[in-house]
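Fold and geometry: a report
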Amino acid sequence: MSGPANSSENRGVGIRFLALLIDSMIFAAALAVITAVQGPQDGSCHASSFIGLNITLNGKESFFGLCGYPALVFFVVFLAYFILMEWLWGATLGKLAVGVRVRTVSGGSIGLKESLIRNLLRIVDAVPYCIPYLLGAVLVWSSRNRQRLGDMAARTVVVSSSSSPNHSSKVY
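This write-up is about the structure you can find in this document. (Residues numbered from 1 in each chain as written. Predicted model: local features only at pLDDT ≥ 70, side-chain atom pairs only at ≥ 80, totals over all residues. Heavy atoms only, no water.)

Considering helix α4 (residues 112-120)
Owing to its 3.6 residues per turn, the α-helix brings residues three or four apart onto one side. Restricting attention to buried positions, one finds in α4 the residues S115, R118 and N119. All buried residues of α4 fall inside an arc of 90° around its axis, so they share one side. (Buried < 20%, exposed > 50% of the residue type's maximum accessible area, 1.4 Å probe, protein only. Helix = DSSP H or I, 4+ residues; strand = E, 2+ residues; numbered from the N terminus. Arc of directions from axis to C-beta.)

Given below as structure tokens:
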């Protein structure tokens, strides 16, 4: 098979990690701006969902980040970014920067359904959270088509942009 499902054309962990790192840096920068505008919160965050740090300086505890509902909204926006970018353009900004795209195993553009499946399963692929994406990396290393769980379920692969047909953005 000469399409994207050919495992020699599918991209592995290293380049995918670099793309994720770029995407994460975009969101980290946004979080830093939000946190800087918001300023530190007195006390610590005890909510079950938070993004940030509890810091104690000179005996005073402060929280820098998003706590509770705002953290949940930030996470939903983060997930929506991956879903929408990959559905509409076949790649996130990180993937575009490193020259890879998401395609179906047959080589076509992914639809909303495939993007939803692969990105909602990103939550599982990211396990364990103490070593993010270890499960996803092990699956990419061990699968014939270099797929993480989300790719397997959605029947997608990550390929080099040069090995995938020109992909123009969808117009709706």
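Once the structure has been displayed, the description carries forward.
Observations regarding unusual backbone geometry
At the junction of V127 and P128, the peptide bond is cis and its omega measures out at -10° in the coordinates. Relative to the helices and strands, P128 is located in the loop between α5 (122-125) and α6 (134-142). With a phi angle near 65°, Y133 is a residue other than glycine that sits in the positive phi range. Located in the positive-phi region is R155, a residue other than glycine, with phi close to 60°. Among the structural elements, R155 can be located in the loop between α7 (149-154) and β5 (156-160).

Focus: helix α1 (residues 13-38)
For α1, with 26 residues, the first-to-last C-alpha span of 36 Å sits near the 38 Å given by 1.5 Å per residue. Just past α1, the residue G39 takes up positive phi, approximately 75°. (Expected span 1.5 Å × (residues − 1).)

Function cannot be read off these values alone, since they describe shape.
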